[in-house]
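# Structural overview
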Amino acid sequence: QVQLVESGGGLVQPGGSLRLSCAASGSISRINAMGWYRQAPGKERELVATITSTGNTNYEDSLKGRFQISRDNAKNTVYLLMNSLKPEDTAVYYCNLKFFLGTGVSPYERWGQGTQVTVSS
């Protein structure tokens, strides 16, 4: 079974930093991309950032510069470094994985359980 294990969420003061991590495990032949999405109360889930196995990144425009996504391909792990956090960053952050099995040509998708990030003084 392919699973995602997230960690790093919690409570942080405005202006602080937080680092999220998400490790994928299981029978993964090849990773297409990993990324982070978030969902605030009363809002739909939105893109934060994604990164491909070759290192190409895609950020939500409003977050670019404050948030940094990175990955360790050998460990099938993606990270999200969040700097200068604001109360409006408060949300449940979800890890996303797109991957291939065997010689398949259609990617599978998996979501993490979500980790709460709360920015408050």
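Refer to the structure above for everything that follows.
Right, let's walk through the structure included here. All values derive from a computational prediction rather than experimental measurement. (Residues numbered from 1 in each chain as written. Predicted model: local features only at pLDDT ≥ 70, side-chain atom pairs only at ≥ 80, totals over all residues. Heavy atoms only, no water.)

## Comments concerning the nonpolar core
- Ranked by internal contacts, the top residues of the largest apolar core, which has 29 residues, are Met34, Trp36, Leu80, Met82, Tyr93 and Leu97.
- Those elements that provide at least two residues to this core are β3 (18–25), β4 (30–39), β5 (46–52), β7 (67–72), β8 (77–82), β9 (91–100) and β11 (115–119).
- Counting residues per element, this core draws most heavily on β9, which supplies five residues. (Core = buried A, V, L, I, M, F, W, Y, C linked by side-chain atoms within 4.5 Å. Buried < 20%, exposed > 50% of the residue type's maximum accessible area, 1.4 Å probe, protein only. Helix = DSSP H or I, 4+ residues; strand = E, 2+ residues; numbered from the N terminus.)

## Things to note about the sheet that holds β7
- Read from one edge of the open sheet, four strands run β1-β3-β8-β7, paired in antiparallel fashion. Both outer strands of the open sheet, β1 (3–7) and β7, are each paired with one neighbouring strand and no more. Each neighbouring strand pair of the sheet contributes to a mean axis angle of 15 degrees, computed without reference to strand direction.
- Where β1 lies against β3, five bridges are found, and the strand directions are antiparallel. Within the sheet, the bridge partner assigned to Val5 lies in β3 and is Ala23. (Pairing = 2+ DSSP bridges. Axes fitted to C-alpha atoms, helices over the stretch in contact; angles between N-to-C directions.)

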